[in-house]
Amino acid sequence: MSETASGAGMDVPLEAGRVKVRLNALFAGVKNPKTGRPYTVAEVASATGISESAIRQLRQGSKQNPTLKTVELLAAHFGVQNDYFSKEMSGADVDRVVAGLKLLDVLEKAGVQDVFARAGELSVDSMRMVAAVINSARKAEGLDTD
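Just so you know, these numbers come straight off a predicted model, no measurement behind them. (Residues numbered from 1 in each chain as written. Predicted model: local features only at pLDDT ≥ 70, side-chain atom pairs only at ≥ 80, totals over all residues. Heavy atoms only, no water.)

## Here's the deal with the packing of helix H2 (residues 41-48) against helix H4 (residues 68-78)
Inclusion rule: Lines fitted to C-alpha atoms define the axes, with helix axes restricted to the stretch in contact, and inter-axis angles between N-to-C directions lie between 0 and 180 degrees. What counts as a helix is a DSSP run of H or I of at least four residues, what counts as a strand is a run of E of at least two, and both are numbered from the N terminus. Small angles under 35 degrees read as roughly parallel and large ones over 145 as roughly antiparallel, with 65 to 115 read as roughly perpendicular and the rest as oblique. Contacts are assigned to residue pairs with any non-hydrogen atoms lying within 4.5 Å of each other. Any residue that is not Ala, Val, Leu, Ile, Met, Phe, Trp, Tyr, Cys, Pro, Asp, Glu, Lys or Arg is counted as polar, Gly included; the first ten are nonpolar and the last four charged.
At a minimum axis separation of 10 Å, H2 and H4 run at an interaxial angle of 110°. With respect to H4, the axis of H2 lies roughly perpendicular. In this structure, H2 contributes Val-44, Ala-47 and Thr-48 to the contact, and H4 contributes Leu-73, Leu-74, His-77 and Phe-78. Residue classes in the contact of H2 with H4 are distributed as five nonpolar, two polar and no charged.

Written out as structure tokens, the structure is:
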């Protein structure tokens, strides 16, 4: 089946199997910051305005053609780009997106997300110094330094 994007509110034929797998990966991998648990269908429906039944149908693969608006709302809610659901994004890239979302969740829980965001502005030499400090702390706590 070919993929088209006609505009907001128009049907966007996306292979149901791909949408199902990728949407379920988001449900499994992204946690609701309010509960610390994976989002429920009801929570996503409430946040996006998409009906619970439509979300369930997408998760089961029985809904064949989500609208572009539905794709946009789901992508925005889970913090991914719209093309996360398209065939243009490879499976490996999808895996990286989900892994990155999981990592952000772990960093947020550990309270270090801001540290990493701020570290991105440092020079290469400063980043090496930060890595050396982290390795020293890991060694002092008896953890591996790799």
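Continuing now.
## What about the packing of aromatic side chains?
Under the convention used in this document: Paired rings are identified among Phe, Tyr and Trp, the last through its six-membered ring, by centres lying within 6.5 Å, and are further divided according to the angle between planes into stacked (under 30 degrees), edge-to-face (over 60) and tilted (the rest). Only protein chains enter the calculation, and the probe is 1.4 Å; a residue is then buried if its accessible area is under 20% of its type maximum, exposed if over 50%, and partly exposed in between. Two limits define a charge over a ring: the Lys NZ or Arg CZ must be within 6 Å of the ring centre, and within 35 degrees of the ring normal.
Taken as a whole and judged by the stated rule, the model has three aromatic pairs. With a centroid separation of 5.3 Å and 65° between ring planes, the pair formed by Phe-27 and Phe-78 is classed as edge-to-face. Remark: Phe-78 occurs in helix H4 and Phe-27 occurs in helix H1 (residues 16-29); sequence separation between them is 51 residues. Here Tyr-39 and Phe-78 contribute two aromatic rings whose centre-to-centre distance is 5.8 Å and whose plane-to-plane angle is 90°, an arrangement assigned as edge-to-face. One end of the pair, Tyr-39, is in the loop between H1 and H2; the other, Phe-78, is in helix H4, with 39 residues separating them in the sequence. By the burial criterion, Tyr-39 is buried, and Phe-78 matches it. Aromatic rings pair up to connect Phe-27, Tyr-39 and Phe-78 into one cluster. One Lys or Arg, Arg-59, reaches over the ring of Phe-27 and ends 3.9 Å from the middle of that ring.

## Regarding the packing of H2 against helix H3 (residues 52-60)
When two helices pack together, their arrangement is given by the angle between the helix axes and by the axis-to-axis distance. Quick note on the threshold: The sense of a crossing depends on the near helix, which, turned anticlockwise from the far helix by less than a right angle, makes the crossing left-handed and, turned clockwise, makes it right-handed.
Contact pair H2 / H3: the axes reach a minimum separation of 9 Å and the direction vectors enclose 120°. As far as their axial angle goes, H3 and H2 are oblique. Like other packed secondary-structure pairs, H2 and H3 cross with a definite hand, here right-handed. Mapping the contact onto sequence places Val-41, Ala-42, Val-44, Ala-45 and Thr-48 in H2 and Glu-52, Ile-55, Arg-56 and Arg-59 in H3. Taken together, the residues of the contact of H2 with H3 sort by class into five nonpolar, one polar and three charged.

## With respect to H2
This is how it is decided: Taken from the helix axis, the directions to the C-beta atoms give the arc we talk about.
Every buried residue belonging to H2 is among Val-41, Val-44, Ala-45 and Thr-48, and all of these are buried. Buried residues of H2, viewed axially, fall in a sector of 100°; they line one side. Exposed side chains of H2 directed beyond 90 degrees from the buried face belong to Ser-46 and Ala-47. With its phi angle positive at about 85°, Gly-49 sits one or two positions after the end of H2.

## A short note on the pattern of salt bridges
Under the convention used in this document: Salt-bridge detection follows one rule: a side-chain nitrogen of Lys or Arg within 4 Å of a carboxyl oxygen of Asp or Glu.
Using the criterion set out here, one finds two salt bridges in the structure. The partner of Arg-56 in a salt bridge is Glu-52, and the shortest N-O contact between them spans 3.0 Å. Residue Arg-56 and its partner Glu-52 are located together in helix H3, separated by four residues, close to a single helical turn. A salt bridge links Asp-93 to Arg-96; its shortest N-O distance comes to 2.4 Å. Here Arg-96 and Asp-93 lie together in helix H5 (residues 91-110), a separation of three residues that amounts to about one turn. Assessed through its relative accessible area of 31%, Asp-93 is described here as partly exposed. The exposed category is assigned to Arg-96, whose relative accessible area is 54%.

Any link to function would need more than the numbers given here.
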